[in-house]
Amino acid sequence: MIDKALFKLPGAKSILKRLVGLYVLQAVLIIGQALFLTAVLVGLWHGQHWQEQLRAMLLFALCFLGRQGINWLSGQMLSKYARSESQDLRGQLLKKVFALGPAVTQEQGTGHLVTLTLDGISNVERYIELMFSKVLVMMIVPVLILLLSFYLNWVCALIMLAVYPLIILFMILLGNAALDKAKTQFGVFTKLSNNFLDSLRGIDVLKYVGLSKRYSKSIFRSSEHFRHSTMAVLKIAMLSTFALDFFTTLSIAILAVYLGYGLIQAKLVLFPSLAILILAPEYFKPIRNFASDFHATLNGKNSFEAINKILARPNPVEPKVELHPWSANDDLELQNISFRYKHGAEIKPINAKLHGLSKIGIVGMSGSGKTTLINMIAGFLKPKDGQFVIQGHPVKEMNLAQWRSQIIYIPQSPYVFTASLRDNVAFYTPNVSDEQIKEAIHVVGLDDLVADLPQGIDTMIGSGKRVLSGGQAQRIALARAFLDRKRRILIFDEPTAHLDIETELELKQRMLPLMKDRLVIFATHRLHWMNEMDYILVMNHGQLVEQGTQQDLLAENGYFKDLVDQMRGGSNNAQ
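In what follows, the accompanying structure is described. Positions within a chain are numbered from 1, following the residues in the order the chain's sequence is written. Local features in this predicted model are restricted to residues of pLDDT 70 or higher, and side-chain atom pairs are both shown and tallied only at a pLDDT of 80 or more, whereas totals for entire chains, interfaces and linings draw on every residue. Side-chain measures were taken over the full set of non-hydrogen atoms in the model, leaving aside hydrogen atoms and water.

**A short note on the packing of aromatic side chains**
At step 1: Pairing of aromatic rings covers Phe, Tyr and Trp, the last counted by its six-membered ring, and requires centre-to-centre distances within 6.5 Å; plane angles under 30 degrees mean stacked, over 60 mean edge-to-face, and any other angle means tilted. Evaluation of the coordinates by the stated rule reveals nine aromatic pairs.
At step 2: The interplanar angle of 70 degrees and the centroid separation of 5.2 Å between the aromatic rings of Phe427 and Tyr428 together place this pair among those described as edge-to-face.
At step 3: Buried means the residue's accessible area, taken with a 1.4 Å probe over protein chains only, is under 20% of the maximum for its type, while exposed means over 50%, and partly exposed covers the values in between. Judged by its relative accessible area of 41%, Phe427 falls in the partly exposed class.
At step 4: Considering the side-chain rings of Phe492 and Phe522, the 5.1 Å spacing of their centres and the 35 degrees angle between planes classify their relative orientation as tilted. Of this pair, Phe492 sits in strand β9 (residues 489–493) while Phe522 sits in strand β10 (residues 519–524), and the two are 30 residues apart along the sequence. In terms of burial, Phe492 and Phe522 fall into one category: buried.
At step 5: Grouping aromatic residues by their ring pairs yields a cluster made of Phe7, Tyr81 and Phe132. We count a stretch as a helix when DSSP gives it H or I for four or more residues in a row; a strand needs E for two or more, and each element gets its number in order from the N terminus.

Set out below in structure tokens:
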């Protein structure tokens, strides 16, 4: 239940020491509260005037207020610490995912990683709070109460001591069952997250081919599976709570009967008997509180373990090469580069040469391997075989910091951060002036958007804020590229795949000037872009079937020519 890695978090030992001190003081106040309340009740029972109990009442009130104050203070300390550590953990996770690249995303699933980064971190934050508070209280308060109980009445103390291990035994048995069910639930939730996100991504294609209703049944089955697994966890959790309440209530009832019988027979003294009866619920309260939050700790533990497994993975070893800023005389050569996915799809050995500040088109139908090739060139994926030769340096992969620092990558759906339009446009170049940002906005055709925004470029956009169209998101990505003139390599991965043809053609006029004096690698299945390319790589089913200039490829009457004819209904002239 308690992950040892939890106590290896930065600052864990320091806050644990402070919490131990607070909870020891809290246990003393709980005992004082019970003893002073007992003194008041016993005094009144013996016929004393209530004014004679003012001192005990005042001390009881002070103990009560002190106890509440410690609860508030420890809660604030833990909340601050848990929030800080969970945010730091989220930062570490994001850095690790970025360092590992798309390989870990494909392995874990995008939906799972998104859920882990958002909901998972929240579960971990709650897990830290619960473990540090509930466990420490459970280790300190009952022990001190039990010691006092032995002093007051050793028989009652033995009853309390005998019941506690029995409760823990049932918690362990039921807890292990709940843990197994929770792990199953976590796995089902992972599949559901990935399935749902994949469905959202492919909803247009599913509707186009008429499979959306059939696929909705698959989502329904996944959600039903998750519901059943969640109910299985809740059944175990409820059974655990019932067993705990039963044994604690039974033990307190046994104590009450024993003490009541002893008092009736005049074999016991009222003060210690009443004190033990008041302290008994406090003795069992920590373990009951722990059990009530048991399910939350399971979710947090599973998320914490999943995050730590990702963090423990070694970073890819980056080849040690010295690269200079890309220039017109540089080359990037692909020598027998290949790749294979776990599900069987593969990229067969590719040999090609990208030279200088040329525009390289990668064309092919959906699923032909364009994106995989782009990801290997960008350094996101490590080839299975072959090597790259960049600026004369042979390397097994392109995961090079000096290479990535020269790249501007524009995917199908550029990410728009929840920030101002200014911050989104200046993502790569945060130190540019407002005049430069406005110039970039004008160049890419976002003037109408700025005019509609209530605070202009200071208006918040992104998730939960101003909704943007696909064309507007692409223009923001282009504005970023316009501002960053130091990066000489532009990589486009189907940047206009989700745009209508009118928007694409308008955007094309904005994009062409940005490609000047840069190495451009442009993957698309829309052939009109090939008119602008200096060299073309033609992909089909994971294989580079042709390469050359557009004129040469059309003259060969091969696969590229067939693609052009299919797109034009048999026309022989390129668009």
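**So, unusual backbone geometry**
At step 1: Notably, Ala266 is not glycine yet its phi reads approximately 60 degrees, a positive angle.
At step 2: As for its position among the elements, Ala266 is in the loop between α7 (212–264) and α8 (270–292).
At step 3: Here Ala266 falls in the exposed class, since its relative accessible area comes to 67%.
At step 4: A positive phi is found at Gln391, a non-glycine position, where the angle reads about 50 degrees.
At step 5: Its place among the elements puts Gln391 in the loop between β4 (385–390) and β5 (393–395).

**Some points on the nonpolar core**
At step 1: To qualify as a nonpolar core, a set must consist of buried Ala, Val, Leu, Ile, Met, Phe, Trp, Tyr and Cys residues joined through side-chain atoms within 4.5 Å. Core analysis: the largest hydrophobic core is formed by 66 residues, its most contacted members being Leu6, Leu19, Ile128, Phe132 and Ile145.
At step 2: Contributing elements (two or more residues each) for this core: α1 (12–45), α2 (54–100), α4 (110–152), α5 (154–201), α7, α8 and α9 (294–311).
At step 3: Considering every element that reaches this core, the biggest residue donor is α4, with 18 residues.
At step 4: Formed by 46 residues, the second largest nonpolar core is a distinct cluster that contains Val416, Val432, Ile461 and Ile536.

**Digging into the pairing of β10**
At step 1: Where burial is concerned, most of β10 is hidden: six out of the six residues are buried.
At step 2: Here β10 shows no split at all, with Leu519, Ile521 and Ala523 on one side and Val520, Phe522 and Thr524 on the other all buried.
At step 3: Relative to β10, strand β3 (residues 359–363) runs parallel, the two being bridged by five bridges. Counted as the bridge partner of Gly361 is Phe522 from β10.
At step 4: By the convention used here, strands pair only if DSSP detects at least 2 bridges between them. Sheet analysis places β9 next to β10, joined by five bridges and oriented parallel. Within the sheet, the bridge partner assigned to Leu490 lies in β10 and is Val520.

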